[in-house]
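Results of the structural survey
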Amino acid sequence: MNCRAGSNGVSENANSVSLVNIFGTFFRIGLFTLGGGLAMSPVMRHELVIKRRWMKDADFISVMSLATVVPGAIAVNMAYLLGRRLRGKTGAAIAISGTILPSFFVILFIAGFLLPFFNYPKVAAFFRGCAIAVVGQLAFAGFIFGRKLLRSWRHFIVCAGGVLTIGVLGMHPIWGIMAASVLGFWLCPGDNPQGADCHANDD
């Protein structure tokens, strides 16, 4: 199956994708993903890059990077950016709707029927298991994207700068993002979202 990307980073397979298909895909992503945000990114990548081949991996990583640094919920930001790449502003609105509607309906259902059961030991144990599952999803996301982005010693320095700012200095996460951004600007110039330009400079 052909997966070449056009000038906007969208695969040729996505040229004829329908709005109904976009809504169904993002609705399924929102319905079956625990945690939201970065925990949702591996599911989005599987659906859009691996399964449907609507865009290339490098372009998805570029979108994810932008979604994490702009204000707002990461899942909504990613849905907007990905939907807009697929079908413009209408695609963005459809993708956002598909992403947030499952959570909206689930919260309404929980508030209307399940709140009295939250103190039951088995229900509490279920939600603890869900929290552990979210940790696993985040770890998997870190592994998947770290494997693609941490390709040279320069990348590890950029990553370490953000981790040290937050984990060691105890500063706000926004400063960790700023530190990594500044290091990336100086150590890894270039437009390649997978870091090929930076990697090439190591030779």
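Residues numbered from 1 in each chain as written. Predicted model: local features only at pLDDT ≥ 70, side-chain atom pairs only at ≥ 80, totals over all residues. Heavy atoms only, no water.

What about the overall build of the protein chain?
On a plain count of helices and strands, the protein chain comes out with eight helices and zero strands. Taking all 203 residues of the protein chain together, the buried fraction comes to 32%. Residue pairs in contact within the protein chain that sit at least 24 positions apart in sequence constitute 59% of those at least 6 positions apart. Here the protein chain has roughly 11,900 Å² of accessible surface; of this, 69% comes from carbon and sulfur atoms. (Helix = DSSP H or I, 4+ residues; strand = E, 2+ residues; numbered from the N terminus. Buried < 20%, exposed > 50% of the residue type's maximum accessible area, 1.4 Å probe, protein only. Contact = heavy atoms within 4.5 Å. Areas by Shrake-Rupley, 256 points an atom, 1.4 Å probe, with all protein chains shown as cover.)

Here we look at the side chain of Thr99
In this fold, Thr99 is placed in helix H4 (residues 74-114). Of the residues examined, Thr99 reaches a relative accessible area of 5% and is grouped as buried. When residues no more than four places from it in sequence are discounted, the contact partners of Thr99 are Phe26, Gly30, Met40, Ala75 and Ala79.

Topic: the packing of helix H3 (residues 57-69) against H4
Look at H3 against H4: their axes get within 9 Å of each other, and the N-to-C directions meet at 135 degrees. Relative to H4, H3 is oriented oblique. Our pair here, H3 against H4, has a crossing hand that is right-handed. On H4, the residues touching Asp59, Phe60, Ser62, Val63, Met64, Leu66, Ala67 and Thr68 of H3 are Ile74, Asn77, Met78, Leu81, Leu82 and Arg85. A per-class count over the contact of H3 with H4 returns nine nonpolar, three polar and two charged. (Axes fitted to C-alpha atoms, helices over the stretch in contact; angles between N-to-C directions. Parallel < 35°, antiparallel > 145°, perpendicular 65-115°, else oblique. Left-handed = near helix turned anticlockwise from the far one by under 90°. Nonpolar A, V, L, I, M, F, W, Y, C, P; charged D, E, K, R; others polar.)

Side note on the environment of Phe27
With respect to the helices and strands, the residue Phe27 is situated in helix H1 (residues 19-31). It is 8.9 Å that separates the C-alpha atoms of Phe27 and Ile96, two residues lying 69 residues apart in sequence. Each residue touching Phe27, except ones within four places of it in the same chain, is listed here: Gly98, Leu101 and Pro102.

Concerning H1
The end-to-end C-alpha distance of H1 is 18 Å, a good match for the 18 Å that 13 residues give at a rise of 1.5 Å each. Taken together, the buried positions of H1 are Ile22, Thr25, Phe26, Ile29 and Gly30. Buried residues of H1, viewed axially, fall in a sector of 130 degrees; they line one side. Lining the buried residues of H1 we find helix H2 (41-51) and H4. (Expected span 1.5 Å × (residues − 1). Arc of directions from axis to C-beta.)

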